[in-house]
Amino acid sequence: RSYNLAPSYGIWDFRATWTDADDRYSVVGYVRNATDELVVDGVSSAGNDSQGRPLQNLTILEPRTYGITVGKRF
């Protein structure tokens, strides 16, 4: 049904990894949803309201997130 359609979207994710020459230490940095797009990932029908209009449940993707991971091999 037309009221269950979601617009198309594009997501940019980035990941960079550094590892030392001995492969003992590593650093990983990442960004998900770099452009901070508001993305409706899914739409489902939840019945009708008291006036007969369709109710919808929306699934939204997470906003821009970023982080860093540091590792050491033993």
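Residues numbered from 1 in each chain as written. Predicted model: local features only at pLDDT ≥ 70, side-chain atom pairs only at ≥ 80, totals over all residues. Heavy atoms only, no water.

S.K.: So what's going on with a nonpolar patch on the surface? Which residues, and what values?
M.R.: On the surface, Leu38, Leu58 and Ile60 cluster together into a nonpolar patch covering about 330 Å² of accessible area. Within the element layout of this structure, Leu38 appears in the loop between strand S2 (25-32) and strand S3 (40-48). (Patch = residues over 30% accessible without salt bridge, like charges linked within 9 Å, V, L, I, M, F, W, Y side chains within 5 Å. Areas by Shrake-Rupley, 256 points an atom, 1.4 Å probe, with all protein chains shown as cover. Salt bridge = Lys/Arg side-chain N within 4 Å of Asp/Glu carboxyl O. Helix = DSSP H or I, 4+ residues; strand = E, 2+ residues; numbered from the N terminus.)

S.K.: Account for the pattern of salt bridges, naming residues and giving values.
M.R.: Under the criterion given, the structure shown has 3 salt bridges. Between Arg73 and Asp23 there is a salt bridge, and its shortest N-O distance comes to 3.9 Å. Pair noted here: Arg73 is in the segment after strand S5 (65-72) and Asp23 is in the loop between strand S1 (14-19) and S2, with a separation of 50 residues, a long-range link. Look at Asp23 and you get partly exposed, because its relative accessible area is 39%. One salt bridge connects Glu62 with Arg32, and the closest N-O pair in it is separated by 3.8 Å. Of the two residues, Glu62 is situated in the loop between strand S4 (54-60) and S5 and Arg32 in strand S2; the sequence distance between them amounts to 30 residues. (Buried < 20%, exposed > 50% of the residue type's maximum accessible area, 1.4 Å probe, protein only.)

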